[in-house]
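Analysis of the macromolecular model
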Amino acid sequence: MNVKTNFFPYKKEKERIFYHHTDAVTKLSLKIGSLIPKEHQDSIVVLCIGTDRSTGDALGPIVGTKLMEQNLTHVHIFGTLKSPVHAVNLGETIETINNQFEHPFIIAVDACLGLYQNIGSFQVAEGPLKPGAAVNKSLPAVGDMHITGIVNVSGFMEFFVLQNTRLHLVMSMADVISASLINAFNSIRESEQSNVSLFRKGFEF
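Residues numbered from 1 in each chain as written. Predicted model: local features only at pLDDT ≥ 70, side-chain atom pairs only at ≥ 80, totals over all residues. Heavy atoms only, no water.

**Some details on unusual backbone geometry**
The phi angle at asparagine 71 is positive, at roughly 50°, despite the residue not being glycine. Secondary-structure assignment places asparagine 71 in the loop between α2 (59-68) and β4 (75-78). For asparagine 71, a relative accessible area of 62% puts it in the exposed group. Here the phi dihedral of histidine 103 falls at roughly 50°; this positive angle occurs in a residue that is not glycine. Inspection of the secondary structure assignment puts histidine 103 in the loop between α3 (90-100) and β5 (105-114). (Helix = DSSP H or I, 4+ residues; strand = E, 2+ residues; numbered from the N terminus. Buried < 20%, exposed > 50% of the residue type's maximum accessible area, 1.4 Å probe, protein only.)

This is the structure:
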């Protein structure tokens, strides 16, 4: 769980994707696909951070569980409701990933707190996220890119706010994130297969 604040209100607000928008999955999947380099498309790790002991912080594990149910053969998932990745085991999990995979491209997924008007929105960006910032925990930054979902408002009693976040919101946001990731991964595979077919066709006589 991390936190989004707005210290510079005069800056232009980035376009946000809200879970209830009809084109949310399309926009989110396109954004995700655009940030995955071609050289890393066969070494993707999705690291879903959070805990099933807090409704608001369960966004990551729910996404991980939904992805695991798809039996994706070309993507590696860490962090599910059954085996969550949280403050206690995050460092160990990062070490495991780095030992198990050579130069993996890590997509970090986490819930966050933010402004009231941004609840239900997603942010996708290059670079790592800082888990635990919303609840003042010092955890290692992780991810070559990250997806965060604002599940509730920041600024006061963060633990209480997380515990009292609506499950319906979290589940709905997890549906959009998981569907967007699956769409992005499928598009990548389809593109790879198309390129292979064109390459082989070039050698036909």
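On we go from here.
**Regarding α2**
In terms of burial, α2 is largely enclosed, as seven of its 10 residues are buried. All of the buried residues along α2 are Leu59, Gly60, Pro61, Ile62, Val63, Gly64 and Leu67.

**Here's the deal with the environment of leucine 129**
Here leucine 129 is to be found in the loop between β6 (121-126) and β7 (145-153). Distance in space between the C-alpha atoms of leucine 129 and histidine 146 is 6.2 Å, their sequence separation being 17 residues.

**Quick word on the pattern of salt bridges**
Enumeration over the complete set of coordinates arrives at two salt bridges. The shortest N-O distance in the salt bridge between aspartate 23 and lysine 27 comes to 3.6 Å. Overall, lysine 27 belongs to the partly exposed group, its relative accessible area being 35%. The shortest N-O distance in the salt bridge between lysine 66 and aspartate 175 comes to 2.8 Å. Here lysine 66 is found in helix α2, whereas its partner aspartate 175 is found in helix α5 (residues 167-201), with 109 residues between them in sequence. (Salt bridge = Lys/Arg side-chain N within 4 Å of Asp/Glu carboxyl O.)

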